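# Close look at the chain arrangement
Here are the chains, one letter per residue:
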Amino acid sequence: MPFHRVLIMVAVEAEREMLLDVANPRVQIDVQLAGVGPIAAATNTAIQLTKQRYDLVISAGIGGGFNSKAHIGDLVIANTIISGDLGAQSEDGFLSLDKLGFGTNCISTPEGLATRIYNALSASSSLETRVHIGDIITLSTATGTLATAQQLANRYPNVYAEAMEGFGVAYAAHNAGIPVIELRSISNMVGPRQRDKWDIPTALRTLKQICSILPEVLLQ
């Protein structure tokens with residue numbers, strides 16, 4: 001189905017500036033600030049959804065890539081948006097909301113949408129990056145150690161990227177009955193916090209390039 005009214009939520013102004021000139025006469029695209037972290041993202045997305053009705057909500061921005069799956073400059077399209085650290089610890093390991101019986105940590109993207117975006121981007125002759133489909137986890141505390149990265153990779157075998165807003169945006173959209181998807185351009189690898197190895201400019205350029213192609217994809 002085509003999407004004619006699209007809300008893109010990003011965490012910070014630098015991401016928003018990359019997307020402000022994304023335009024198509026047949027698609028209305030609003031780019032708004034979610035803030036940093038899932039609570040701010042859920043709150044600000046919910047507020048925006050009271051102002052206008054949208055056909056699709058997109059959580060977009062830069063994020064960390066899991067080693068051997070997504071690398072700096074790559075794009076990850078979410079199959080499932082997961083709250084990676086919402087739950088409880090136990091002697092037997094992490095207990096998600098699903099295991100606790102309190103709800104779910106996972107919000108699925110519309111069936112076939114991730115594949116549709118992937119196929120269109122992969123076929124684009126103007127795109128100069130690798131595109132992946134996989135799970136994206138949302139964390140309140142960004143990973144900064146190899147041990148934590150390995151724990152998360154073991155907990156979520158299909159995880160490709162992590163960020164801090166996706167599940168918040170997805171939760172607000174899901175509650176409003178609106179389809180949602182997450183797109184992350186990789187700026188750094190998940191693991192030890194090594195700022196000298198991050199490449200935010202490349203990730204932002206990838207994000208801009210992807211979103212310039214996206215309107216035509218959403219009309220298909």
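Being a predicted model, the structure only gives us computed values, none of them experimental.

## Details of the packing of aromatic side chains
Per the stated rule, a full pass over the model turns up one aromatic pair. With centroids separated by 6.2 Å and ring planes inclined at 35°, the aromatic side chains of Phe 167 and Tyr 171 adopt a geometry described as tilted. Here the residue Phe 167 and the residue Tyr 171 both occupy positions in helix α6 (residues 166-175), the gap between them amounting to four residues, near one helical turn. The class for Phe 167 is buried, based on a relative accessible area of 8%. Residue class for Tyr 171 comes out partly exposed when judged on its relative accessible area of 43%. Directly above the aromatic system of Phe 94 lies the positively charged group of Arg 155, at a separation of 3.9 Å from the ring centroid.

## Regarding the nonpolar core
Val 6, Ile 8, Leu 19, Ile 58, Ile 77, Ile 117 and Leu 121 are the most contacted members of the largest nonpolar core, which has 31 residues in total. Of all elements in the fold, only β1 (5-10), β2 (28-33), β3 (56-65), β4 (75-83), α4 (113-123), β10 (180-189) and α7 (200-218) reach the threshold of two or more residues within this core. Residue contacts for Leu 121: discarding those within four places in its chain leaves Leu 75, Ile 77, Leu 127, Val 131, Ile 210 and Ile 213. Among the nonpolar cores identified, the runner-up in size contains 22 residues, and Leu 7, Ile 81, Ala 170 and Val 180 belong to it.

## A word on α6
Counting buried positions along α6 gives seven out of 10 residues, so the element sits mostly inside the fold. Among the residues making up α6, those that are buried are Gly 166, Phe 167, Gly 168, Val 169, Ala 170, Ala 172 and Ala 173. Of the residues trailing α6, Gly 177 is marked for its positive phi of about 75°.

## Considerations on the side chain of Ser 187
Tracing the sequence through the fold places Ser 187 in strand β10. Overall, Ser 187 belongs to the buried group, its relative accessible area being 3%. The residues contacting Ser 187, other than those within four sequence positions of it, are Ile 62, Gly 63, Ile 72, Trp 198, Asp 199, Ile 200 and Ala 203.

## Observations concerning the side chain of Ser 185
Among the secondary structure elements, Ser 185 is positioned in strand β10. Residue class for Ser 185 comes out buried when judged on its relative accessible area of 0%. Not counting residues within four places of it along the chain, the set of residues in contact with Ser 185 comprises Gly 61, Ile 62, Gly 63, Asp 74, Leu 75, Ala 203, Thr 206 and Leu 207.

Scoring rules and cut-offs
- Residues numbered from 1 in each chain as written.
- Predicted model: local features only at pLDDT ≥ 70, side-chain atom pairs only at ≥ 80, totals over all residues.
- Heavy atoms only, no water.
- Phe/Tyr/Trp six-rings, centres within 6.5 Å; stacked < 30°, edge-to-face > 60°.
- Helix = DSSP H or I, 4+ residues; strand = E, 2+ residues; numbered from the N terminus.
- Buried < 20%, exposed > 50% of the residue type's maximum accessible area, 1.4 Å probe, protein only.
- Lys NZ or Arg CZ within 6 Å of the ring centre and 35° of its normal.
- Core = buried A, V, L, I, M, F, W, Y, C linked by side-chain atoms within 4.5 Å.
- Contact = heavy atoms within 4.5 Å.

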